Amino acid sequence: MSSFHKNADEIRIGKIDDCDSDIRKTGQEMDVIRQRTIAYEYLCRLEEAKTWMETCLKERLPHATDFEESLRNGVYLAKLGNFIAPEALTLNKIYDIDQRRYKIMGLQFKHTDNINNFLQILRKTELPLTFQPETTDIYDKKNMPRVIYCLHALSSHLFKIGKAPLIHDVFGTAVFTDEELDTVSKDLQKCEHALPMFKKIGGILSKNADDNGSTHKAILSLNRALDTEKSITSAILNPQLKLQYVQNRLINEYKNVLQAAKRDKVQTALNHSLSDSYVPDEYDELLTQFEIQGYITAVNYKFLWKALCSACQNDDVNSLHKIFNEDWVKLKNYVSNNIDFYCDVVKEIMECSKDVDVESVTNWNMIFQNIVNEGNKKSSEHIDHKDAITQVNHALDSGNSNDLYLALINANLGLHLKIEKYASPLLFEEMKLEKYEMERNLNENEIAASVSYLTSIAAISQAVDRGDEEAVWNSLISKQIHLEGLRSHCRRRYFSALVNALQVKIRENCACPLLTLEDICDTIEMVNMKDDDDEELVAVIDSINKAVFEEDSEKLMSLLKSSCIKYSSPLHKDEQNLYMRLLKKKLVHRESQNLWLDDIVDTINEVNTESIRVKELTDALVRLNLAVIKNDTVEFWNALSCPLLSGSVMLEHSCIDIYFQMFSKTLKKRGHHICPWVVCHTEAGNTVYIDVESYTYNWNTPKDFVPYARYLSRKDISILIEKTNKHHVNKYKQLIIENSILKIQAACRGYLFRLKLKQRLQYFRDNVKYIVKIQAWWKQVLIQRKYGTVIKIKTIEAKLKRERKQNPWAWYKIQEQKIIKIQALWRGRRAREAFTSLFHSTNPPLKAIKKFMPLLAFSTEDYDREIELQTSKSEVVQSIRKNQELSKQIDDMDLKIGLLVQNRIALQEVAAHGLKLNNLVKHNSMTKLVFQNRHDSKGSFMTVTTAVKGLKSLTKESKKLLDGYQHLFYELQTNPTYLSKLLFCIPQNKTNFFLQNVVLSLYNFGAYDRDEYLLLKLFRFTLEEEIRCKVVKPFDVIASTPLVLKMAVSLSRQLSGLNNLQTIIGPLVEKMLNDRDLNIETGPVEIYKAWRNETEMKTGKISKLPYTVTQEEALNYPEVKLRLEKAFRQLKSIVSMFLDKILESTDIFPFCITYMARVLHRTLISKFPHTPEKDILKVIGNLVYYQFLNAAIVAPDAFHVINLPRGAALTTDQRKNLASVAKILHFSAAKKGFGEESSHLRYLNPFIIECHEKMKELFRKCCRGPTLEEYFAVDEYTEATLLHHPHIYITVQEIVDTHALVVEYLDIIAPNPNDRLNELLDDLGEVPSVAQLASRDVDTQIGETAEENARLEVCLALVNKFQAPSNDMTDLNKLFVKTKELCVAIVPFLNGDHLLEALCIGTTREQQEQYAEQVQRRIYSGQAKADEVMSLREHIAKLRRNLQLLEDDGYVTREDGYQALITSIALDLCNKGKYRQAQRKALATLTRTKQSLQEKTKYYEEKCQSYDQYIKSCLANLHAGKRSVHACLRRSGKDTQKVKSKLTVKYSGMKLMERGVLLEIDGLSQSQFKNVQFEITPTDHNGVFTIKGKFMGVEMESLEIDIQDLLQKQYEGCAIMDMFGKAKINVNLLIFLLNSKFYGKS
């Protein structure tokens, strides 16, 4: 017991006093200890009250020191009142329940309502008034200990009736800080009221219930009984104890609980007794009557709860009813009919409280009351739920969709679904139908299921209505609807079909305007059927494409008859050839694409239309030809009037005889022809062959067809009609018209003549006597003239007759000049017609060619030159291909050298570090020696693996990556369209950086001719693209100068461009700077001030002139005017000097400037064709002068145009003079003048206009510069002649950025999937990071950072991945040229309208003799050899063979009479001079190219030999030690075989398997590997070994392996190779074995 007191004292002192107990304390110290002890006890009471309230309220409360302050607003107290009596004090009566106002505004008077409500609850609980506080005790904090005292008493009171737990004593266990103790102690000292006796609460409550002391005795008796093992039945049933609801069956349980409670109370009293302030009470160690009653009530509730749970599990209704009717339970609102619902609530509580200890439950009364309340609530909800179901069924029976919607959204129905009013029509219709089919009311589950399902279906209609395709698809595939047969690729079709279905229902005003499930299923089924049909259709179309491609007409017709293809007109089986022809034609036009359905249907319709028209045409042609043959004029006219024959040509019925006569005449001429077929061309361009005799037609050329038809074709008919109309009908019409006009004229003249005659007759009648006299005189004159003239004529005629008879040639000689004029006029007319047809006709006739054939007297040389040109092209292409093969061979040899060197290094590493396996991997080594432990317990093996990383590493992946970037940058460099488009895709803030860094790096800043050529080519494409996309009017180029032009100007000022600037304007600037008297001042005010200053300096007196003047006032002084005029003269003189020098130096302008001016000029004219030239030239002037020359004139020192002494600088006057000159030149270039703001300078405007004209000529010269190809002498073979691949130096960051940009904008810069750029990017794969691309041969580098990796510079050798141009057409071109040569030689000796006719007609003996004479002349002149001479017929036969070959390849066609060949000869005639110049130029270029390619081939061959020698050297010197196998062979001399036998290495299969070299052998188990032996013997060739395989000592297989092949396999990542077709060998370990055994160190 003493030890217990000692420990308790330590606890007490540890919490209250820090002083040593052995030291005597003063009185003041004793007071402090006492006060702190009281504070500690009170804090314990606060902590107990707080903990108890937290248990009741299920809410965390403030700390004990702040607990009193938190009670002042009454919120927690009101919540406690709600806990005690929730029906009397509901939560909504609590003011500021969340304490927001309290936290913001502090304590409000309204908070007293909470306190008053709490006090009213205390009164209702019958708590003695002794314990109840006043409102001011709480609100004004007058007596807060009384409030805590009340809470303690309230807990005991509530515990008695089973509504709350008992407060737990924490004295001696709670710990508080000194600050907390001191604070509470000070507060208690300020309190005017004494602390209540908390320990007396139990005694006070007991004494209040004890009237005469008998109760106290009974309590003592019971407590004594609890201290013994005797029964407490009599004591607890003592009526004086006034205990209620004691159950005899629970006496023992009461005893156990009460004994435990008394022990706890004794222990608590002991703890309190250790305090100096402890005042003992008789109830400190006794259980009070309230406590006893509380424990009894708690035990009763626990056992009642267990009984309740058991009854609910057994569904024992009687027991449940008895439990709820226990008189001591005192439940309110109990309804016996709701017993099932009470049971459900209990079961729910049991399910939720499986892990809750029954012993820890305290508020039993509330639990039981809540069961009743919750059960009553469930009963009420059940009734309302049934009513709601009834309302739904009633709405379905006699209501409408709106009534059903209101019934469904009733909360009592408990659907917990969001029901849209939009879905109500569908719900009403479908649920009504469901109710009708079931013939009963719908229950809860059926309503919920229907609403849930139909709401989902209605959601589809709603989504369709608002056009949300995604929502429609999500609804269709939802599990709730569970639609089958949905196809994701048909989602858009489903949506469109559902939209149409919904629109149909809306248009038809259906009762339910929404889609039902049946509608949706039908729609989906319809779409699926359509999709199936589409799939079948796609298959048929694909088969049609194959049939067309294979030209299988029978298969095509069977496919076209497929039912899945719908035609507007029936198929014609007879037209299968036309079907095939048109479909084949469309397939060819579509290039890589297949025929589509529209193409097929259109072709069918087109063929059907063609068939109808051809049949009509056949009928018309047959009728017409037969009518002509039968001389049936009426039938002839009817046939001729058919629109298919006459077309739009007008026919004159009155001229029917003329037409018939012309047709008969033409048909008779063809009587000797035997071919019944005529060729016609339809409007669609199809050729049809019509047999007039058999009334049939054919789309293909008949076997018996010859080009000389016996009957008239439609073309013949059209020609005859036009010819007849032109030569006969028109004349006939003209004659009729003339006759009509003559009749009219005659009538008019008759009338006028009669009128005149009548007047004349009247005149004669009036002068008869004078007329008679005149007639008599005139008759006399006539008689005299008549006889005199007749005599003269007769005399001359007789003389001429005599002369003609005597000498007729003399007579013609006299008329010679007239005859010559007539002949010349006729020949000139014929020649002009032939010349016009030759030069201006698309298809010149053969006759016109024959007339001008003498012009091609020496054309044989031209054709020989053309053949030579084609041969040279073929040789160039072959040389290029050969060089490419040599280049690839060099690359392969380079790789082999690298692999051999790498293998050599690996050998050295192994030999040098063989004894130190722990240090095999070195920081700077290129290889790693790795030991790999096998997990099959068969030993270990050692492999050499190369640590390779980065772009330049010697691995297949790295080389592929390197080659990929070399190919990519070559394509970007040589094809400027990619970069020009890319520059317009990337953001503006990145364009400058990309253009000025990456692009210039890609072209080596234009340092070499090739790079400058390609860079300017890029500038051209970029400028054209920018003008095409961004420039709206020409002056936009001036307003916002394109970045490309700025870079071109910058490039022009570098290197040679700088020298050009120094040459052009350097001397002029030097001259200006050296002229000390030069002062170009054009400001009147400045001139005036300078003049005034000079005057004062000369006179030494103050000038009378005003100090400040305006510009107008200054100009009034004569001296100012004189000086201004002098400045103008100087300015004009210098400007003229500059302008003349610039004009003279146009030829030495940097080509970059002149070429960009040319590109700018052509692009602007192309886009703005109607813009005046002057405006275009102003834009050119802005580039040439303002951007290139102007800055160099204004600041010559900044652009190094002049060289100033070190430290020297231009003066202000010098800069002003240069600026004045530059300004006038600028104004001249832009044609700008001075206006009102500078009126004194308007004097210079005429001079500026004069200079502008000179500037325009300068700009025109700049725009007439040569092209890039002409300037740099670049052709299509230039790249192929380069000895070395072009190189660029570029950083890793720039490589990654360029790759990323190209990938990001690939769809824009290369939209065609077949573009070569797509193939190059596919080879590269994903964009690597800078770290991956910049990795070295080791994992890390000392001091290496990400920034250093990004700046790492790489040299790329640019290589073209794609092959040289094809020369497949070269042979055909040669054949075409030779055929032309043959044709030219024999055309003068042929007859016919076209070449085919001329070849078919044949030749006469006279023509053959003429041809033979010409051939003899050519032999004599040396133009032909005797052994090459052919006769005319042989010549024609050879020409026919050549034409047949050309026709097979599509060069010429028989249908137009081989017109393509004749047209080509005509072009040769027209452009003979140009062709010859082009041929000579092309031959010279090809000759140079061939020479360069030969030099390159020689260089590559020498390089191949050098590499081959080096490889042999590497193999021969793999190791120089004594164990070197080939060194041993060389030293052995004659005993080579013996040495080889000694050097042979033999391994069993088991041994090689243990080493990891041999993996498996087909057909042998591992146990038989010991019978297999491998012998490895070196051969005489370096690096080559013979491996023999023996089984049971018998040689089975033998092969030779080359170490280079093994290294190549290792490089390519091939880890396992096949040997003898059976054995699987590890390549890496085989190489290691060969290295270690044959190339090891001595």
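The coordinates are above.
Residues numbered from 1 in each chain as written. Predicted model: local features only at pLDDT ≥ 70, side-chain atom pairs only at ≥ 80, totals over all residues. Heavy atoms only, no water.

### Concerning helix α51 (residues 1292–1304)
Next up, step 1: Between its first and last C-alpha, α51 extends 18 Å over 13 residues, near the 18 Å set by a 1.5 Å rise per residue.
Next up, step 2: Taken residue by residue, α51 has Val1292, Glu1294, Ile1295, Val1296, Thr1298, His1299, Leu1301 and Val1302 as its buried positions. (Helix = DSSP H or I, 4+ residues; strand = E, 2+ residues; numbered from the N terminus. Expected span 1.5 Å × (residues − 1). Buried < 20%, exposed > 50% of the residue type's maximum accessible area, 1.4 Å probe, protein only.)

### As for the packing of helix α47 (residues 1173–1194) against helix α49 (residues 1245–1263)
Next up, step 1: At a minimum axis distance of 9 Å, the contact between α47 and α49 shows a crossing angle of 80 degrees. One way to sum up the angle between α47 and α49 is to call them roughly perpendicular. Between α47, through Glu1173, Leu1177, Ile1180, Gly1181, Val1184 and Tyr1185, and α49, the contact on the second element is made entirely by Met1255, Lys1256, Phe1259, Arg1260, Cys1262 and Cys1263.
Next up, step 2: Residue composition of the contact of α47 with α49, grouped by class: eight nonpolar, one polar and three charged. (Axes fitted to C-alpha atoms, helices over the stretch in contact; angles between N-to-C directions. Parallel < 35°, antiparallel > 145°, perpendicular 65-115°, else oblique. Contact = heavy atoms within 4.5 Å. Nonpolar A, V, L, I, M, F, W, Y, C, P; charged D, E, K, R; others polar.)

### Details of the sheet that holds strand β3 (residues 696–698)
Next up, step 1: An order of β1-β2-β3 is seen for the three strands of this open sheet, with the pairing classed as antiparallel. Edge positions in the sheet fall to β1 (677–681) and β3, since each has one partner strand and no second. Looking at each pair of strands side by side, their axes are set apart by 30 degrees on average, direction ignored.
Next up, step 2: Against the sheet, helix α26 (residues 597–630) engages β1, β2 (687–691) and β3, with an angle of about 130 degrees to β3. (Pairing = 2+ DSSP bridges.)

### Let's talk about the pattern of salt bridges
Next up, step 1: Across all of its chains, the model carries 39 salt bridges by this definition.
Next up, step 2: We note a salt bridge from glutamate 69 to arginine 72, for which the minimum N-O separation is 3.2 Å.
Next up, step 3: We classify glutamate 69 as partly exposed; its relative accessible area is 31%.
Next up, step 4: Among the ionic pairs, glutamate 1575 bridges to lysine 1546, the shortest N-O distance being 3.9 Å. Remark: lysine 1546 occurs in strand β8 (residues 1545–1548) and glutamate 1575 occurs in strand β10 (residues 1572–1578); sequence separation between them is 29 residues.
Next up, step 5: Under the relative-accessibility criterion, glutamate 1575 is labelled buried at 8%.
Next up, step 6: A single salt-bridge network, built from bridges that share partners, covers Glu1173, Glu1257, Arg1260 and Arg1264. (Salt bridge = Lys/Arg side-chain N within 4 Å of Asp/Glu carboxyl O.)

### Considering the packing of helix α2 (residues 27–57) against helix α4 (residues 75–84)
Next up, step 1: At their nearest, the axes of α2 and α4 sit 10 Å apart, and the two run at 50 degrees to each other. Taken together, the axes of α2 and α4 are oblique relative to one another. Here the hand of the crossing between α2 and α4 comes out left-handed. Between α2 and α4, the contacting residues are Trp52, Met53, Cys56 and Leu57 on the first element and Tyr76, Leu77, Lys79, Leu80 and Phe83 on the second.
Next up, step 2: Each residue belonging to the contact of α2 with α4 can be placed in one class, and the counts come to eight nonpolar, no polar and one charged. (Left-handed = near helix turned anticlockwise from the far one by under 90°.)

### Considerations on the pairing of strand β14 (residues 1623–1626)
Next up, step 1: When strand β9 (residues 1558–1561) meets β14, the two strands line up antiparallel, connected through three bridges. When the sheet's bridge partners are listed, leucine 1558 is paired in β14 with isoleucine 1625.
Next up, step 2: When strand β13 (residues 1616–1619) meets β14, the two strands line up antiparallel, connected through four bridges. In the strand pairing of β14, isoleucine 1616 is matched with asparagine 1626.

### Topic: the sheet that holds β14
Next up, step 1: One open sheet holds the three strands; their spatial order is β9-β14-β13, and the pairing between them is antiparallel. Because the sheet does not close on itself, it has two edges, and the strands there are β9 and β13. Each strand of the sheet is rotated relative to its neighbour by a mean of 25 degrees, with strand direction disregarded.
Next up, step 2: Running over the sheet, helix α66 (residues 1627–1638) touches β13 and β14 and is turned about 70 degrees from β14.

### Overview of a nonpolar patch on the surface
Next up, step 1: A grouping of Ile774, Trp777, Trp778 and Leu782 is seen on the molecular surface, where their side chains present a nonpolar patch of about 430 Å² in accessible area.
Next up, step 2: For leucine 782, a relative accessible area of 39% gives the class partly exposed. (Patch = residues over 30% accessible without salt bridge, like charges linked within 9 Å, V, L, I, M, F, W, Y side chains within 5 Å. Areas by Shrake-Rupley, 256 points an atom, 1.4 Å probe, with all protein chains shown as cover.)

### Observations concerning the nonpolar core
Next up, step 1: With 123 residues, the main nonpolar core has Phe969, Phe1138, Met1156, Leu1160, Leu1317 and Leu1356 as its most contacted residues.
Next up, step 2: Sequence-distant contacts of leucine 1317, defined by excluding residues within four places in its chain, comprise Leu968, Leu972, Tyr978, Val1302, Leu1306, Ile1309 and Ala1310.
Next up, step 3: Judged by nonpolar contacts, the second largest core, of 56 residues, contains Met557, Val614, Val628 and Ile717. (Core = buried A, V, L, I, M, F, W, Y, C linked by side-chain atoms within 4.5 Å.)

In short, geometric facts, not functional conclusions.
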